[in-house]
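Residue-level structure breakdown
Each chain, written out:
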Amino acid sequence: MSCSQSSAGEGRPGIEHVLGDATKPRGEGPKVIVHVVTDAALTWGGGGFAAALRRAWPDAQESFRKWAQKGRSNLKLGNVHFVDVDDEVFVASIIDRKS
């Protein structure tokens, strides 16, 4: 998804649904790829979107793993781990589910 000024009214960003590969974000300026992990995850899941992120940016997976291993308090619900993976592309791993 990407933001679009036109779908939400004057001066407010909206949401535009875009089909494609989320590991190849489009558009100008900084981009954040967001994915969710459980509070028990010392590493990302084994398949699906997490696997695609891991293939695209293995260093992002390793950065998350090191952050998670620094202390279980990092895996508190609502915490977010950001990593810069490319020119103006960031991966945000949100701790959103209690296991």
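Structural data are supplied above this passage.
Treat the numbers as computed from the prediction; the structure is a model and nothing was measured. (Residues numbered from 1 in each chain as written. Predicted model: local features only at pLDDT ≥ 70, side-chain atom pairs only at ≥ 80, totals over all residues. Heavy atoms only, no water.)

So, the nonpolar core
Side chains that are nonpolar tend, in soluble globular proteins, to be buried together. In this structure, Trp44, Trp57, Phe64, Val85 and Val91 are the most contacted members of the largest nonpolar core, which totals 17 residues. Among the elements that take part in this core, helix H2 (residues 58–70) stands out by supplying 4 residues, more than any other. In this structure Trp57 touches Thr23, Ile33, Val85, Asp86, Val89 and Val91, once residues within four positions along its chain are discounted. (Core = buried A, V, L, I, M, F, W, Y, C linked by side-chain atoms within 4.5 Å. Buried < 20%, exposed > 50% of the residue type's maximum accessible area, 1.4 Å probe, protein only. Helix = DSSP H or I, 4+ residues; strand = E, 2+ residues; numbered from the N terminus. Contact = heavy atoms within 4.5 Å.)

Some remarks on a nonpolar patch on the surface
Among the surface-exposed residues, Val32, Val34, Val80 and Phe82 lie close enough to one another that they form a single nonpolar patch of about 340 Å² accessible area. Listing elements by their share of the nonpolar patch, those giving two or more residues are strand E3 (31–38) and strand E4 (80–86). Mapped onto the secondary structure, Val32 falls in strand E3. (Patch = residues over 30% accessible without salt bridge, like charges linked within 9 Å, V, L, I, M, F, W, Y side chains within 5 Å. Areas by Shrake-Rupley, 256 points an atom, 1.4 Å probe, with all protein chains shown as cover. Salt bridge = Lys/Arg side-chain N within 4 Å of Asp/Glu carboxyl O.)

Focus: the packing of aromatic side chains
Considering all chains together, one arrives at 2 aromatic pairs under this definition. On the basis of an interplanar angle of 40° and a centroid distance of 6.3 Å, the ring pair of Trp44 and Phe64 is categorised as tilted. Within this pair, whereas Trp44 is found in the loop between E3 and helix H1 (48–56), its partner Phe64 is found in helix H2, the two being separated by 20 residues in sequence. The pair formed by Trp44 and Phe64 is uniform in burial state, with each residue classed as buried. With a centroid separation of 5.6 Å and an interplanar angle of 50°, the aromatic rings of Phe64 and Trp67 are classed as tilted. Pair noted here: Phe64 and Trp67 are both in helix H2, with a separation of 3 residues, about one helical turn. (Phe/Tyr/Trp six-rings, centres within 6.5 Å; stacked < 30°, edge-to-face > 60°.)

With respect to a negative patch on the surface
On the surface, Glu28, Asp84, Asp86, Asp87 and Glu88 cluster together into a patch of negative charge. Checked against the element boundaries, Glu28 lands in the loop between strand E2 (14–16) and E3. On the accessibility criterion, Glu28 (79% relative accessible area) is exposed. (Lys, Arg positive; Asp, Glu negative; His and termini not counted. Charge placed at Lys NZ, Arg CZ, Asp CG, Glu CD.)

With respect to the pattern of salt bridges
One pass over the structure, following the stated rule, counts 2 salt bridges. Here Lys24 and Asp21 are joined by a salt bridge, their closest N and O atoms 3.8 Å apart. By relative accessible area, which is 58% here, Lys24 ends up exposed. Looking at Asp21, the relative accessible area reads 41%, which means it is partly exposed. Salt-bridge contacts for Glu62 lead to Arg65; the nearest nitrogen and oxygen are separated by 2.3 Å. Here Glu62 and its partner Arg65 are both found in helix H2, 3 residues apart, which amounts to about one turn of the helix. Owing to a relative accessible area of 25%, Arg65 belongs among the partly exposed residues under this scheme.

Shape is all these values report; function is a separate question.
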